[in-house]
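# Structure at a glance
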Amino acid sequence: MNGAESHVSSPWIALILLWLSRRLLLFLKRNALRLLTLLLSVGLVILLLCFPKQPLGHPDSPLRPPAASDDVACTFQQALWNARYHIKPQQPCSDLFQRHVVPSTVIQGAAHNNELLHPALKGTCLSKKDCPLVWVSMGSRCSKGFTRLATTVTRAGIPFAIIGFPAPWRGFGYRIRIYHDYLLTLPDDSLIVMSDGDDVMMTRCKAEDIVNAYNELNKTIVFNSESWCWPDGHRWYEFPEVPKPPLSSGGVLSTYRYLNAGAVIGTAAALRQFLAEAYTLESSDCADDQRVLAANFLNHYHRSSSAEDMSVSLDYYQRLFMTLQGHTLADFQVDTIRGSVRNRLINSSPCILHQNGWKGDSKVLEEVASLLKVDEW
């Protein structure tokens, strides 16, 4: 083809493309509603295919999720979580992590017969003597942080139970419900620590250190505390005032006034009741756990004559739990020999550290773990 022929054909190609684009736009304009309906239908089918079956709970549990049609927003959210769970690559799990997974049949009320498992993992704790202290965390995936928690807890001689694995994430309300049902497999008077998995670790403590600190607080349930009232900041004024500082804090008044849902300790029976009350406030597997747990805490406070009379409390001076949001490493003294961490602000050295809040704000937990060389424990 010579230059003249090419020059002549170019306008014709442009005209043809313009005509085709106009026809396409006209078609889309006339059939926009049909196309939108088709896309929504395809999306709905994909979501329904991704929506997992509702896991069975404990037969004695009073907590049941609402029907999918009664909580449509949560149903779609769970379908999206399920799709992402299957699309996102799974991180390989360590042998240590795998050894502490509770079989799903245990939470459904059927004891497991694996003799290698601790009684807390197979539903055969018959009395507090069998399981005096148990640590439980829920996670749908294994991770470096979760394995680190398993390392530090088992080193302290505490039975560590991982529930909800492996399965897609179903929401924080579901976590409350599955925690409740797992606690039905344990003696009422067993002492239980419940915590997040990825962003929590123990210092070099022993089981008796946690028990002693819990007994000194003289409360049935003790929650982690933090300095931010979240997610319902407008309710800040409803929380009890921080108690007067103990002598150990050097007279410094704590700023940790608000409940944090990342860690809590209490007897199995008391925690079951508290979790059940919190879940029924919204009765949704997608409820924000910190919102409903804090709301239930305030309900207990409003029903009591004073904060001192409550059986549930917050760890205001961080005798058990230390929240790290808003802090830098300079706020803490890390003893690499003893494996302890002291909060310089209120002079406390708790056993349990929690990197609460958005992880982009602070990396204190990672820095502390590196200084203590936790990976070598």
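Okay, so let's go over this structure. (Residues numbered from 1 in each chain as written. Predicted model: local features only at pLDDT ≥ 70, side-chain atom pairs only at ≥ 80, totals over all residues. Heavy atoms only, no water.)

Counting secondary structure elements, the protein chain contains 12 helices and 11 strands. Across its three principal directions, the C-alpha atoms of the protein chain cover 95 × 50 × 45 Å. The buried share of the protein chain, taken over its 377 residues, is 48%. Contacts spanning at least 24 positions in sequence make up 78% of the contacts within the protein chain whose residues lie at least 6 apart. Working note: accessible area of the protein chain is about 19,500 Å², and carbon and sulfur atoms make up 58% of it. Here the protein chain holds 36 positive side-chain charges and 35 negative ones, and the gap between their average locations is 6 Å. (Helix = DSSP H or I, 4+ residues; strand = E, 2+ residues; numbered from the N terminus. Buried < 20%, exposed > 50% of the residue type's maximum accessible area, 1.4 Å probe, protein only. Contact = heavy atoms within 4.5 Å. Areas by Shrake-Rupley, 256 points an atom, 1.4 Å probe, with all protein chains shown as cover. Lys, Arg positive; Asp, Glu negative; His and termini not counted. Charge placed at Lys NZ, Arg CZ, Asp CG, Glu CD.)

The N-to-C vectors of helix α10 (residues 268-279) and helix α11 (residues 289-303) enclose an angle of 110°; their axes lie 8 Å apart at closest approach. On the basis of their axis angle, the class for α10 and α11 is roughly perpendicular. Contacts between α10 and α11 involve Phe 274, Leu 275, Glu 277 and Ala 278 from the first element and Val 292, Leu 293, Asn 296, Phe 297 and His 300 from the second. Split into classes, the residues belonging to the contact of α10 with α11 amount to 6 nonpolar, 2 polar and 1 charged. (Axes fitted to C-alpha atoms, helices over the stretch in contact; angles between N-to-C directions. Parallel < 35°, antiparallel > 145°, perpendicular 65-115°, else oblique. Nonpolar A, V, L, I, M, F, W, Y, C, P; charged D, E, K, R; others polar.)

Turning to the packing of aromatic side chains, a few remarks are in order. Scanning the entire structure with this criterion turns up 8 aromatic pairs. Here the aromatic rings of Phe 97 and Phe 165 are separated by 5.0 Å at their centres, their planes lie at 80°, and the arrangement is edge-to-face. Taken together, the residues Phe 97 in helix α4 (residues 95-98) and Phe 165 in the loop between β2 (160-163) and α8 (172-183) connect sequence positions 68 residues apart. Looking at Phe 165, the relative accessible area reads 13%, which means it is buried. Ring centres of Phe 239 and Phe 297 lie 6.0 Å apart, and the angle between their planes is 25°; this geometry places the pair in the stacked category. (Phe/Tyr/Trp six-rings, centres within 6.5 Å; stacked < 30°, edge-to-face > 60°.)

Attention shifts here to the pairing of strand β1 (residues 133-138). The element β1 is largely enclosed, with a buried count of 6 among its 6 residues. Of the two faces of β1, the one holding Leu 133, Trp 135 and Ser 137 and the one holding Val 134, Val 136 and Met 138 are both buried throughout. As paired elements, β1 and strand β3 (residues 191-195) share 5 bridges and run parallel to each other. The residue of β3 that forms the bridge with Leu 133 is Leu 191. As for the winding sense of the linkage, the β-α-β connection from β1 through helix α7 (residues 144-155) to β2 is right-handed. (Pairing = 2+ DSSP bridges. Right-handed = clockwise from strand over helix to strand, strands pointing away.)

Quick look at the state of the cysteines now. Overall, the coordinates contain 4 disulfides when judged by the stated rule. Here Cys 74 engages in a disulfide with Cys 286; their sulfurs sit 2.1 Å apart. Between Cys 74 and Cys 286, the disulfide has an S-S torsion of 80° and is therefore right-handed. Of this pair, Cys 74 sits in helix α3 (residues 72-87) while Cys 286 sits in the loop between α10 and α11, and the two are 212 residues apart along the sequence. Overall, the relative accessible area of 5% leaves Cys 74 in the buried class. Put simply, Cys 205 and Cys 351 are joined by a disulfide, and their sulfur atoms are 2.2 Å apart. Looking along the S-S bond of the Cys 205-Cys 351 disulfide, the torsion reads about -90°, which is the left-handed sense. In this pair, Cys 205 sits in the loop between β4 (200-202) and α9 (207-217) while Cys 351 sits in the loop between β10 (340-343) and β11 (352-354), placing the two residues 146 residues apart along the sequence. The pair Cys 205 / Cys 351 is uniform in exposure class, with both members buried. Numbered in order of appearance, the disulfide-bonded cysteines of the protein chain are paired 1-7, 2-5, 3-4, 6-8. (Disulfide = S-S within 2.5 Å.)

Note that all results are geometric; they support no functional claim without further evidence.
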